[in-house]
Amino acid sequence: MNPFQKNESKETFFSPVSTEEVPPPPPSLLKKPPPKICGSNYPLSIVFIVVNEFCERFSYYGMKAVLTLYFLYFLHWNEDTSTSVYHAFSSLCYFTPILGAAIADSWLGKFKTIMYLSLVYVLGHVIKSLGALPILGGHMVHTVLSLGGLSLIALGTGGIKPCVAAFGGDQFEKTHEEERSRYFSVFYLSINAGSLISTFVTPMLRGDVQCFGEDCYALAFGVPGLLMLIALVVFAMGSKMYKKTPPEGNIVTQVIKCIWFALSNRFKNRSGDIPKRQHWLDWAAEKYPKQLIMDVKALTRILFLYIPLPMFWALLEQQGSRWTLQATRMDRNLGFIVLQPDQMQVLNPLLVLIFIPLFDLVIYPLVSKCGINLSSLRKMAVGMILACLAFAVVAVVETRINKMPQYSKLHLKTKSQDFHFHLKYHNLSVYTEHSVEEKKWYSLIIREDGESVSSMMVKDEENITTNGMTAVRFLNTLHKEVSINLGTDISLNVAEDYDVSAYRTVQIGEYPAVHCKTDDDDFSLNLGLLNFGTAYLFVITNSTHQGPHAWKTEDIPANKISIAWQLPQYVLVTAGEVMFSVTGLEFSYSQAPSSMKSVLQAAWLLTIGVGNFIVLTVAQFSDLVQWVEFTLFSCLLLLVCLIFSIMSYYYVPLKPEDIQEPAAKKIPHIQENTMNLETKNTKL
């Protein structure tokens, strides 16, 4: 019997056919339709998923916003190590989605994967917050807890990343495509909202709240951890409403196996007597279906274009590391507000929300009216150029920041070397010797002692100003120990006879009378105005007429370059991101079969992970001056952009009808008593 009967009517009627008698399901197995939102076609379950995503993104971006400064000022790592570990963590976050997708598609399903890995996620936040408590152990304990917590967070956030959005899409009926599309818009809006709010709030929790006499990193990590716990609870609350599809197998695994079999089969049959095949993937035909091979062919054409992409992400991802470190050396007082250095990251999600409609509704139509054909690949190339320009601006700003006091450079033959100095003071002439180390800054303190002069070399440390505060240290020339009280919970002792204290950070402002005392005397020192982001050395001397007083000098001068100068680089790099990222994903999806879209998503995330690994490598092994490193990244991306443009020139885009599966071009597909009917005006 042919199920496709002709009919005189304009409508066509179909009746399903089965070779087996299928009894009707018992009443107990009939499922009630899922509850909807206010009578619409939107399942109520998506509310829990969207709220979960908002809280999770707040958790992730909020924690990540303060991570670099935590490494620098709490764990006391140098800038290169802080940058390297930051990007190692980011890279891991973009490699673990492959593991999460494999677990969801091949073993647990999306719901259980999200639940279990969210528990791992919360545990990571708890451990990370404990590692930020100064009273809990020493430096080694803090380091172990921090790295362990970050590893669990990377597994959690990366593992659920490919599952949550797709799980939300599963809640819709196939007939509600428009509602599903709007859901994804709201879903990605929640991502940006979580990122925007968290990157503004968590730096305030860190810098404006004091814990144990210093910045409250435990609170800055604890609040995002609490948000992740809320995300887990909210997601679990909707459990009974969710439509939970069983695991169907992982397409990424099938693609890898198909490619591996084709390569190995081609290698085994490399003899000249064996006929050649049109494409190297055709060597998988002995084991894999023709449709899968055709889909993988279309996929490999796009993956070839992905090869240069990691370099763009290497630049974009530095907003949370190198750019934040640059902000710590700038004047963050805008007059009406004093920004934290890690708050500048809020510009990226804010500008993304502004630029996406601006480009779609204004800039792209204007360019089109000017007769310029701005294809998807050309947009991506322009995005790369904008990122190059952003890093050129960063390099210029860095050179302005690094204008230091006039230090004399000493050229060393070894890592440590002794130098002889000839000191002349009035009629006195003295020769002295001091040892110095390479790549360090020193101040030479010269003092008069009766009828002679002497000197001492004091090392000037780096990375000593933090978060809108200033740093001070004291050199005591008295013959007795001095105890100095700089305010609440800030006191230090300086030993006698030219001992030098460590740096201590204090709030900016006037310090007209700092209380000091020795074993037999109390006195006050007038430190004057302590300026924004300056490092001071105070030399405590004794005057017969005035008593002890402080002579002030600047180790590192006040930050005079406003943090507002970072705005152009954020505008350029965010515009580049909108043209590159949004367009790149859209182009990739348009050029690949529907069965390969999850593979493309995995490959796209991998390019971000590789980009972070590039930054890690350069930061750890290049040993370049910072402005030179910025220039290097700009030039490398410009070179990569040229290569990508050449690859794009020879790429022939596929038309939608070329990508459409053959089954879609023929008759509707019949499977297990159901029919996939795409024809309009059709009744079943």
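Everything that follows concerns the structure shown earlier in this document.
Residues numbered from 1 in each chain as written. Predicted model: local features only at pLDDT ≥ 70, side-chain atom pairs only at ≥ 80, totals over all residues. Heavy atoms only, no water.

**Student:** Can you explain helix α6 (residues 177-207)? Please cite residues and give values.
**Tutor:** With 31 residues, α6 extends 46 Å between its outermost C-alpha atoms, agreeing within 8% with the 45 Å of an ideal straight helix rising 1.5 Å per residue. Along α6, the largest kink reaches about 30 degrees and is centred on Ser198. (Helix = DSSP H or I, 4+ residues; strand = E, 2+ residues; numbered from the N terminus. Expected span 1.5 Å × (residues − 1). Bend = angle between axes of the 7 residues up to and from the residue.)

**Student:** Run through the environment of Pro512, naming residues and quoting values.
**Tutor:** With respect to the helices and strands, the residue Pro512 is situated in the loop between β13 (509-511) and β14 (514-517). What makes Pro512 exposed here is its relative accessible area of 56%. Spatially, the C-alpha atom of Pro512 lies 8.0 Å from that of Leu529, the residues being 17 residues apart in sequence. Ignoring any residue separated from it by four or fewer positions in sequence, one finds Pro512 in contact with Leu525 and Asn526. (Buried < 20%, exposed > 50% of the residue type's maximum accessible area, 1.4 Å probe, protein only. Contact = heavy atoms within 4.5 Å.)

**Student:** Give me the state of the cysteines: which residues, what numbers.
**Tutor:** For the coordinates displayed, the defined rule picks out 1 disulfide. Linked covalently through their sulfurs, Cys211 and Cys216 form a disulfide whose S-S length is 1.7 Å. Residues Cys211 and Cys216 are joined by a disulfide whose S-S torsion is about -70 degrees; by sign, that bridge is left-handed. Take Cys211 and Cys216: they sit in the same class, and that class is buried. (Disulfide = S-S within 2.5 Å.)

**Student:** Kindly report on a nonpolar patch on the surface, identifying the contributing residues and their values.
**Tutor:** On the surface, Val126, Leu130, Ile135, Leu136, Val141 and Phe212 cluster together into a nonpolar patch covering about 530 Å² of accessible area. Summarising the element assignment, Leu136 is placed in the loop between α4 (110-130) and α5 (139-170). Assessed through its relative accessible area of 34%, Leu136 is described here as partly exposed. (Patch = residues over 30% accessible without salt bridge, like charges linked within 9 Å, V, L, I, M, F, W, Y side chains within 5 Å. Areas by Shrake-Rupley, 256 points an atom, 1.4 Å probe, with all protein chains shown as cover. Salt bridge = Lys/Arg side-chain N within 4 Å of Asp/Glu carboxyl O.)

**Student:** Give a detailed account of the sheet that holds β14, specifying residues and quantitative values.
**Tutor:** Taken together, the 4 strands give an open sheet; going across it, the order is β10-β9-β14-β15, and neighbouring strands pair in antiparallel fashion. Edge positions in the sheet fall to β10 (490-494) and β15 (522-525), since each has one partner strand and no second. Within the sheet, the average angular offset between the axes of one strand and its neighbour, ignoring direction, is 25 degrees. One ladder, built from 3 bridges, connects strand β9 (residues 482-487) with β14; its direction is antiparallel. (Pairing = 2+ DSSP bridges. Axes fitted to C-alpha atoms, helices over the stretch in contact; angles between N-to-C directions.)

**Student:** Describe the packing of aromatic side chains, and please don't skip the residues or the numbers.
**Tutor:** Using the criterion set out here, one finds 37 aromatic pairs in the structure. Summarising the aromatic geometry, the rings of Tyr306 and Trp604 are spaced 5.6 Å apart at their centres and angled 70 degrees between planes, so their arrangement reads as edge-to-face. With Tyr306 in the loop between α9 (290-305) and α10 (310-316) and Trp604 in helix α15 (residues 597-621), this residue pair connects regions lying 298 residues apart in the sequence. Grouping aromatic residues by their ring pairs yields a cluster made of Tyr42, Phe172, Tyr183, Phe184, Phe187 and Tyr188. Above the ring of Tyr60, the side-chain terminus of Lys161 is found at 5.8 Å from the ring centroid. Note that Lys379 overlies the ring of Tyr364, its terminal NZ or CZ placed 3.9 Å from the centroid. (Phe/Tyr/Trp six-rings, centres within 6.5 Å; stacked < 30°, edge-to-face > 60°. Lys NZ or Arg CZ within 6 Å of the ring centre and 35° of its normal.)

The quantities given are spatial measurements derived from coordinates; they are silent on function.
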